Amino acid sequence: MRRTLTRAAAIAASAAVATAGAVGAAAAAPVHFGHAGPPASASLLGPNVVVFDPSMSTAEIQAKVDAIANQQVTNQFGTQRYALLFKPGTYGSVADPLKFQVGFYTEVAGLGQNPDDVTINGSVDVYNQSDGTALDNFWRSVSNLHIAVTGSGGNGSTNGCYANTEFWAVSQAAPMRRIDITGNTTFMDYCTGPSFASGGFVADTSFGAATPINGSQQQFYVRNSSMGGWSNGVWNQVFSGDVGAPPQSFGTKNPDGTAAAPYTTLDTTPVSREKPYLYVDARGTYRVFVPSAQSNSKGTTWQGGQTPGRSLPLSSFYVAKPSDSIGKINSALAQGRNLLLTPGVYNTTRSIDVKRANTVVLGLGLATIEPDAGNIGMTTADVPGIDVAGIIFDAGAKRSSALLRVGTDHAGRGHGNPHASSAADPTALQDVFFRVGGAHVGRVVDGLVVNSDHTILDDIWSWRADHGQNPGDVGWTVNTADNGVVVNGDDVTATGLFAEHYQKYNVLWNGERGETIFFQNELPYDAPNQAAWSQNGEPGYPGYKVANSVRTHAAYGLGSYIYTNVNPSLHAANGFEVPNTAGVAMHDMVTISLNKAGTIDHVVDGVGAPVTPTFQGPSDVTFYSNGTTY
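Quick caveat: nothing in here was measured; it's all calculated off a predicted structure. (Residues numbered from 1 in each chain as written. Predicted model: local features only at pLDDT ≥ 70, side-chain atom pairs only at ≥ 80, totals over all residues. Heavy atoms only, no water.)

Chemist: Would you explain empty space enclosed by the protein in this entry?
Modeler: Rolled over the atoms, a probe with the dimensions of a water molecule shows which regions are left empty. Taken as a whole and judged by the stated rule, the model has 3 cavities of 30 Å³ or more. Each pocket or cavity is described by its volume, and for the largest cavity that value is around 190 Å³. The element contributing the most residues to the lining of the largest cavity is strand β5 (residues 106–110), with 3 residues. Class assignment of the residues belonging to the lining of the largest cavity gives a composition of 9 nonpolar, 3 polar and 6 charged. Space inside the second largest cavity adds up to approximately 60 Å³. Lining the second largest cavity, in full, are Glu107, Ser141, Pro175, Lys275, Leu366, Gly390, Ile391, Asp431 and Phe433. For the lining of the second largest cavity, the elements supplying multiple residues, two or more each, are β26 (387–394) and β28 (428–436). Grouping the amino acids of the lining of the second largest cavity by side-chain chemistry returns 4 nonpolar, 2 polar and 3 charged. (1 Å grid on protein atoms, 1.4 Å probe; cavity = no way out; pocket = protein on both sides within 12 Å on 5 of 7 lines; lining within 4 Å. Points joined across faces, edges and corners; volume = space filled by probe spheres on them. Helix = DSSP H or I, 4+ residues; strand = E, 2+ residues; numbered from the N terminus. Nonpolar A, V, L, I, M, F, W, Y, C, P; charged D, E, K, R; others polar.)

Chemist: Help me understand the packing of aromatic side chains in this model?
Modeler: The relative placement of two aromatic rings is captured by the distance of their centres and the angle of their planes. A complete count under the given rule lists 38 aromatic pairs for this structure. Judged by centre distance (5.7 Å) and plane angle (90 degrees), the rings of tyrosine 127 and phenylalanine 167 are edge-to-face. Of this pair, tyrosine 127 sits in the loop between β6 (118–125) and β7 (140–149) while phenylalanine 167 sits in strand β8 (residues 165–167), and the two are 40 residues apart along the sequence. According to the relative accessible area criterion, tyrosine 127 is buried, its value standing at 3%. What links up through ring pairs into an aromatic cluster is the set Phe77, Phe104, Tyr105, Phe138, Trp139, Trp461 and Trp463. A cation over a ring is seen here: arginine 81 above tyrosine 105, with NZ or CZ 3.8 Å from the ring centre. (Phe/Tyr/Trp six-rings, centres within 6.5 Å; stacked < 30°, edge-to-face > 60°. Buried < 20%, exposed > 50% of the residue type's maximum accessible area, 1.4 Å probe, protein only. Lys NZ or Arg CZ within 6 Å of the ring centre and 35° of its normal.)

Chemist: Just checking my understanding: could you explain the pattern of salt bridges for this structure?
Modeler: Applying the stated rule across the entire model yields 19 salt bridges. The shortest N-O distance in the salt bridge between aspartate 53 and lysine 87 comes to 3.4 Å. Of the two residues, aspartate 53 is situated in the loop between β1 (49–52) and α2 (58–72) and lysine 87 in the loop between β2 (82–86) and β3 (89–91); the sequence distance between them amounts to 34 residues. As far as burial versus exposure is concerned, aspartate 53 and lysine 87 are alike and both buried. (Salt bridge = Lys/Arg side-chain N within 4 Å of Asp/Glu carboxyl O.)

Chemist: In this structure, what is going on with the pairing of strand β29 (residues 444–450)? I would like to understand it.
Modeler: Two faces make up the sheet, and in a regular strand the side chains alternate between them. Counting buried residues along β29, 6 of its 7 residues qualify, which places the element largely inside the surrounding structure. As defined by bridge partners, strand β27 (residues 400–406) adjoins β29 across 5 bridges and the pair is classed as parallel. Opposite arginine 405, over in β29, you have valine 449 as the bridge partner. As paired elements, β29 and strand β31 (residues 481–487) share 5 bridges and run parallel to each other. From the neighbouring strand, leucine 448 faces β31, where its bridge partner is valine 485. (Pairing = 2+ DSSP bridges.)

Chemist: Looking at this structure, how should I read the state of the cysteines?
Modeler: Joining two cysteines, a disulfide is a covalent bond between their sulfur atoms. One pass over the structure, following the stated rule, counts 1 disulfide. One disulfide bridge connects cysteine 161 with cysteine 191, the sulfur atoms lying 2.0 Å from each other. Taking the sign of the S-S torsion, about -85 degrees here, the bridge from cysteine 161 to cysteine 191 comes out left-handed. Placement of cysteine 161 in the loop between β7 and β8 and of cysteine 191 in the loop between β10 (184–186) and β11 (201–203) is noted, with a sequence separation of 30 residues between them. In terms of burial, cysteine 161 and cysteine 191 fall into one category: buried. (Disulfide = S-S within 2.5 Å.)

Chemist: Sorry, what's going on with the environment of alanine 582 here?
Modeler: Inspection of the secondary structure assignment puts alanine 582 in the loop between β39 (571–577) and β40 (584–593). Once the C-alpha coordinates of alanine 582 and alanine 261 are considered, the two residues, 321 residues apart in sequence, prove to be 28 Å apart. Once residues lying within four places of it in the same chain are set aside, the contact partners of alanine 582 are Ser625 and Asn626. (Contact = heavy atoms within 4.5 Å.)

Chemist: Which parts of the structure should I look at to understand the nonpolar core?
Modeler: Burial of nonpolar side chains together is a common tendency in soluble globular proteins. By size, the foremost hydrophobic cluster in this structure holds 60 residues, and its most contacted members are Met378, Leu448 and Tyr544. Every residue in contact with tyrosine 544, bar those within four places of it in the chain, is listed here: Val507, Trp509, Thr516, Phe519, His553, Ala555, Leu558, Gly575, Phe576, Glu577 and Met586. Of all hydrophobic cores here, the second largest spans 37 residues; its members include Leu98, Val108, Val118 and Val142. (Core = buried A, V, L, I, M, F, W, Y, C linked by side-chain atoms within 4.5 Å.)

Chemist: How should I be thinking about the sheet that holds β31 in this particular structure?
Modeler: Remark on secondary structure: sheet strands pair via backbone hydrogen bonds, oriented parallel or antiparallel. With parallel pairing, 9 strands are arranged side by side in an open sheet as β23-β25-β27-β29-β31-β33-β37-β39-β41. Each end of this open sheet is capped by a strand with a single partner; those strands are β23 (352–354) and β41 (599–604). Each adjacent strand pair in this sheet contributes to an overall mean axis angle of 25 degrees, direction not counted. One ladder, built from 4 bridges, connects β39 with β41; its direction is parallel. By the bridge assignment, alanine 572 is partnered in β41 with isoleucine 600. (Axes fitted to C-alpha atoms, helices over the stretch in contact; angles between N-to-C directions.)

Chemist: What is the right way to look at the confidence of the model for the chain in this model?
Modeler: Reading fine detail from the predicted coordinates is not recommended where pLDDT is low. With 91% of its residues at a pLDDT of 70 or more, the chain has an overall mean of 92. Low pLDDT, under 50, characterises residues 33–40; the predicted model gives this stretch 20 contacts beyond four residues in sequence or across chains. Considering only residues more than four positions removed or in separate chains, one finds that residues 412–416, a stretch of pLDDT under 50, has 5 contacts. (pLDDT = per-residue confidence, 0-100.)

So, in C-alpha cells, the structure goes:
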C-alpha cells in the first residue's frame, strides 16, 4: 500500500494543509507496565495488556500511553503487541485532557458494557507518518468508548492544527467500532501533507450531529452508525444501515456537470454481527459480551438500549499467552472452553482447531498467529455460531495451504446436517487480517478459505505485502500467494472486504447467494512480465472473480486499482469478472490506474472504459447484470 495518486479536487475540498513535525520515534525495547488495581483476573491478561483505572492521575496515564506510542507509531513490522484498556469511569478533563496517539499493533478499548460507561475527555489519535501520508497506517483499533473531544495535539505535539478534533487518519486494518464521539472527527490528517489515506472501516459508532471529514480517503466503509452527514469522497465511499448517511450518488452528475461524490448508500445492512468485546461488570468481574446477529438493521446496537447478545464469564475462556503450546490450546477448545489470545505472536507448527458450536476466539492487542511448518494457522468446524475476532494471521516461510480455513470442504458436506452453520446463528469473522510477507518471508496458497454457509466477513484485509521490513522479504518469487479470499460456502456475506496484491485472484467467490458490501483491491505490483501474470489466454487476473457456475450473487461499492511498478506495461483484462446471468448483479464499480503504471482494459466482463498510464481514471460502471450495464 504505497500509492500516491488521489483526486486533486478531493484535496482541494478538504481542510488546508499545515506544517507539523514527524511523530514518534521507535523505542529500542518493548514497554511493559503492570495493571492498575483489582480485580486479580487482570493479571491473567499478560504484561502487554495495560488496564487503566479512573483513580489514576491523567499525568500517570499520559506517561504510559505516550511511552507505548513512541515505540509503536513507526513500528510497522515489529513483534510488540499492546492492548490499552480503560475501566468504567472518566479520564481527563477539559482543563487537563487525555490525548494520545495509537501506533501499530495497539488496541484501545473501554471496559464498560456500553460505550458511554468510559469517557475520555481529549482524543485518541492517529496522525500521518513522517512522509505526510496515512497510506501505511495499518493494524490498530479503537472501540467501546465515549470520546469527548477537547485539547490541543496529542503526544507532545504543539501544532495547534490538531486541537479539538479526533484524528483517525488510517488505512486498512484499523477499525473504529462502538464509539460515541462528541465533537469533530477527521479521517484525514490535514496538518501535514500530502495527506493521502486509504481506509477504512467504521461500525456501530455515533458521531452525533457532527459531519466527519473524509478528506483524502480514497475509499471508506461505514456500517450501522449515525452521523450528521459526510464530507467529500474520492473513489469509493460506501454506507449501509447508517442514520444520516448521504444519499446514493455514485456515477451521477452534479447540476453543474461535475461528477457527484462516489457514494453507495444502502438503507439497511442485510446481515451483521458486531464484534465480541471484553468488559468489567458491576462487581468488577471480567466478562466477554457476544452480540447477537442482526438482519436488515439500521443504526447502532447500543443507542436504543443494551446491545442484544449473551455475556460469558472470563472463566469460560482459556486465556492463552504466546508461549503456550498448541496442544494445550486445542485441549482447552476440545473441552468446551472459549479462547482469549493475549497480545503477542503465536508461532505454530500445527493448526489451532475450533470444533465446537458457539466458540468465541478473541484476540487482544492484534494477537498474531504465524504458522511456521506449512500448517494452517486455524481451522473451524462446520458448526453454528463460531466467532473469530481481532487476530492477524501472518504467513510463515514454509508455504501453507491457507492461513484460516472456516468450515470443512464445502463439496463434501451433506445437506440437512443438523450441526451445520446456520442463518439464525451464523459464524462470523470481525477484524481478521491476513499478511503474506512484510515482517519476514511468507508463503501461502490461499489467505482465507470460507467453506461454511452463512458466514459473515466483517472487516477483512487479506494483504500480500508490497513492501517490508527488509527488501528481501517481498518479491514475485519470494512472498508467493495465489488467492487472497476464497469463498466456497453459500449465503456468505462480506461487509468491508479488502484484498490486495495476490498473484492470481484477490477474491474468488464460488458459493451461491453471496453478497459483498464494499470491496477494495489493488492488483499485484510486482509481476515481472505478462506471461507470469495471465490466465486462460487473457492478461492478468480480475481483482474480484465470481465463478462461472454461480447463479446468484450481489455486490455494492467495489474498487480495483492497478499499479504495476515493476513493469508498467502490464495489462489486466478486467477489474471484475462475473457470470453472465440475471441472478448476478454488480453495483457501483470503479477501476483506477495508479501512478502511471499498468492498464485495466475494462471494468467488468469487457464493459467499461480502460484505465491506463495516460488516462488513470476513474472508470465507473454503476450497474452490470446479464450483459445489461449503465
